[in-house]
Amino acid sequence: MLYLVRHGRTAANAKGLLQGRLDPPLDEIGCKQAEAIATLIGDVDEVISSPLVRAQQTAAFFGQDVVVDEAWIELAYGEYEGVPAGEVPPEVWQSWKTNAMYATKGGESFGALDARVRAACEGLADRIHANNIVVVSHVSPIKAAVGWALNTTMDIMFHCHLGQASLCRVDMGRFGPLLHSFNEQATVGPY
């Protein structure tokens, strides 16, 4: 099984900021979320993480060596990193939604992200049939991986929600990847 885990909350998440490649750590709630999702999943054979601190901190809660893989890094929002999502101009959102090759100044396109994540998923396909592998990443790469599992395009990006420290499960079946669950949440005590 492939366990796709979104990192726990950061202070930037709490403020509604686009983080992209910014590298803030988990906040106190994010650490509790990361611990809870690791407990929910339990023992695994392998843990892979995005190179960003928030993902690596979440991965550390699985209690074993973590392989860092650049393919799982978050989308680069370029000039909009650190900006509240509500302050991004509507025309930028529309361009992201309708043009897979659109990238802001200093940013990355969803098409480029999709290509690198699908390649990473294909690289894991044979191993997830026999092993339990956790990948700790970010909202956009996980949605791309879900798109891979569903054999669809990145069009799903704007039609589904992933909470912090959420879990999606993907296995390999006779006809390819199978999405078993989406946006599972572990129970965490009161914040």
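Residues numbered from 1 in each chain as written. Predicted model: local features only at pLDDT ≥ 70, side-chain atom pairs only at ≥ 80, totals over all residues. Heavy atoms only, no water.

1. Side note on the sheet that holds strand 3 (residues 66-68)
The following threshold applies: Whether two strands pair comes down to DSSP finding at least two bridges between them. We count a stretch as a helix when DSSP gives it H or I for four or more residues in a row; a strand needs E for two or more, and each element gets its number in order from the N terminus. All axes are obtained by fitting lines to C-alpha atoms, using only the stretch in contact for helices, and the reported angles, taken between N-to-C directions, cover 0 to 180 degrees. Contact definition: two residues touch when any of their heavy atoms are within 4.5 Å.
Overall, mixed pairing links the 6 strands, which are arranged 3-2-4-1-5-6 in an open sheet. Since the sheet does not close on itself, it has two edges, and those belong to strand 3 and strand 6 (176-184), each with one partner. Across the sheet, the mean angle separating the axes of adjacent strands is 20° when strand polarity is ignored. Where strand 2 (residues 46-49) meets strand 3, 3 bridges bridge the pair, whose relative direction is parallel. Looking at strand 3, one finds that S49 is bridged to V68. Sitting on the sheet, helix 3 (residues 53-60) touches strand 1 (2-6), strand 2, strand 3 and strand 4 (133-137), and the angle it makes with strand 2 is about 165°.

2. Observations concerning the environment of V47
Rules: Buried residues are those whose accessible area, probed at 1.4 Å on protein chains only, stays under 20% of the maximum for their type, while exposed residues exceed 50% and partly exposed ones sit between those limits.
Its location among the elements puts V47 in strand 2. In this structure V47 comes out as buried when scored by relative accessible area, which is 1%. Counting along the chain gives 20 residues from V47 to V67, while the straight-line C-alpha distance between them is 6.3 Å. Excluding residues within four positions of it along the chain, V47 makes contact with A59, F62, Q64, D65, V66, V67 and V134.

3. With respect to the environment of I133
Among the secondary structure elements, I133 is positioned in strand 4. Its relative accessible area of 0% is what places I133 among the buried residues. Here the alpha-carbon distance between I133 and G107, two residues 26 residues apart in the chain, equals 29 Å. Here I133 is in contact with M1, L2, Y3, E46, I48, L124, R127 and I128, once residues within four sequence places are set aside.

4. A short note on the packing of helix 5 (residues 110-128) against helix 6 (residues 139-150)
The angle between the axes and the distance between the axes are what describe a pair of packed helices. What counts here: Here roughly perpendicular refers to angles of 65 to 115 degrees, roughly parallel to angles under 35, roughly antiparallel to angles over 145, and oblique to all remaining angles. For any pair of crossing helices, the crossing counts as left-handed if the nearer helix is rotated counterclockwise from the farther one by less than a right angle, and right-handed if it is rotated clockwise. Charged residues are taken to be Asp, Glu, Lys and Arg, nonpolar residues to be Ala, Val, Leu, Ile, Met, Phe, Trp, Tyr, Cys and Pro, and polar residues to be all remaining types, Gly included.
Close contact between helix 5 and helix 6 brings their axes to 9 Å; oriented N to C, the two are set at 60°. Comparing the axis directions of helix 5 and helix 6 gives the class oblique. Read as a crossing pair, helix 5 and helix 6 show a hand that is right-handed. Where helix 5 approaches helix 6, its residues F110, L113, D114, V117, R118, C121, E122 and A125 are matched on the opposing element by S140, P141, A144, A145, G147 and W148. Grouping the constituent residues of the contact of helix 5 with helix 6 by class yields 9 nonpolar, 2 polar and 3 charged.

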